[in-house]
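# Chains, contacts and geometry: an overview
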Amino acid sequence: QVQLVGSGGGLVQAGGSLRLSCAASGSIFGDNFMGWYRQAPGKQRELVATITSGGSTNYANSVKGRFTISRDNAKNTVYLQMNSLKPEDTAVYYCNAKSRWGSYDYWGQGTQVTVSS
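To start, this report covers the structure provided alongside it.

Rules used in this analysis
- Every chain's residues receive numbers from 1 upward, in the order its sequence appears when written.
- The predicted nature of this model means local features are confined to residues of pLDDT at least 70 and side-chain atom pairs, given and counted, to a pLDDT of 80 or more, with totals for whole chains, interfaces and linings taken over all residues.
- Think of the side-chain values as coming from all heavy atoms in the structure, minus any hydrogens and water.
- Throughout this description, the term nonpolar core refers to a set of buried Ala, Val, Leu, Ile, Met, Phe, Trp, Tyr and Cys residues connected via side-chain atoms within 4.5 Å.
- For the exposure calls, accessible area comes from a 1.4 Å probe over protein chains only, and a residue counts as buried if that area is under 20% of its type's maximum, exposed if over 50%, partly exposed in between.
- Going along the chain from the N terminus, every DSSP run of H or I of four or more residues is numbered as a helix, and every run of E of two or more is numbered as a strand.
- Contact between two residues is taken to exist if any of their heavy atoms lie within 4.5 Å; hydrogens are not considered.
- Two strands are said to pair when DSSP picks up at least two bridges between them.
- For this document, the term salt bridge refers to a Lys or Arg side-chain nitrogen within 4 Å of an Asp or Glu carboxyl oxygen.

## As for the nonpolar core
- Counting residues in hydrophobic clusters, the biggest one holds 31 residues, and the most contacted among them are Trp36, Leu80, Met82 and Tyr93.
- If you list the elements that add at least two residues to this core, you get β3 (18–24), β4 (32–39), β5 (46–52), β7 (67–72), β8 (77–82), β9 (91–99) and β11 (111–116).
- Contacts of Leu80, omitting those with residues within four sequence positions, involve Leu18, Arg19, Leu20, Trp36, Val48, Ala49, Phe67, Thr68, Ile69 and Tyr93.

Encoded structure:
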């Protein structure tokens, strides 16, 4: 059983940057996605970005051009570089690791990102 620990959240002003990290306690095997989701108060959880074990990425339209997802397979870690942050980005950010064919689906505990105007 794999556990994910997300970190790197905090309070920043609009236009600033943060880098989130999520480390897995064990190796993520096979074809898989790692990604970030977020949930703001009063809203449903939404996908932010995903990256496959092969390095293919996908982004929500709202963050394209501002956020970059990456991973280090040797460290079992996924990152989210967030630039040009907006108050609308304020949310709890959750990391995720999911197998391509549904054999596992792991979630981190969430890290708070707050962007002030």
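## What to know about the pairing of β5
- Most of β5 is tucked away, with five of its seven residues classed as buried.
- One ladder, built from six bridges, connects β4 with β5; its direction is antiparallel. Residue Met34 lies in a different strand from β5, and its bridge partner there is Ile51.
- As paired elements, β5 and strand β6 (residues 57–59) share three bridges and run antiparallel to each other. Within β6, the residue paired with Ala49 across the bridge is Tyr59.
- Counting the residues in the hairpin turn of β5 and β6 gives four residues, including Gly55, whose phi is positive at 100 degrees.

## What to know about the pairing of β3
- Side-chain alternation along β3 places Leu18, Leu20, Cys22 and Ala24 on a buried face and Arg19, Ser21 and Ala23 on a face that remains uncovered.
- Judged from the four bridges that link them, strand β1 (residues 4–7) and β3 form a sheet pairing that is antiparallel. Note on β3: the bridge partner recorded for Leu4 is Ala24.
- Judged from the six bridges that link them, β3 and β8 form a sheet pairing that is antiparallel. The residue of β8 that forms the bridge with Leu20 is Leu80.

## Things to note about the pattern of salt bridges
- Here the structure, examined in full by the defined rule, presents three salt bridges.
- The shortest N-O distance in the salt bridge between Glu46 and Arg38 comes to 2.8 Å.
- With its nearest N and O atoms 3.0 Å apart, the salt bridge here joins Arg38 to Asp89. Of this pair, Arg38 sits in strand β4 while Asp89 sits in the loop between β8 and β9, and the two are 51 residues apart along the sequence.
- A single salt-bridge network, built from bridges that share partners, covers Arg38, Glu46, Arg66 and Asp89.

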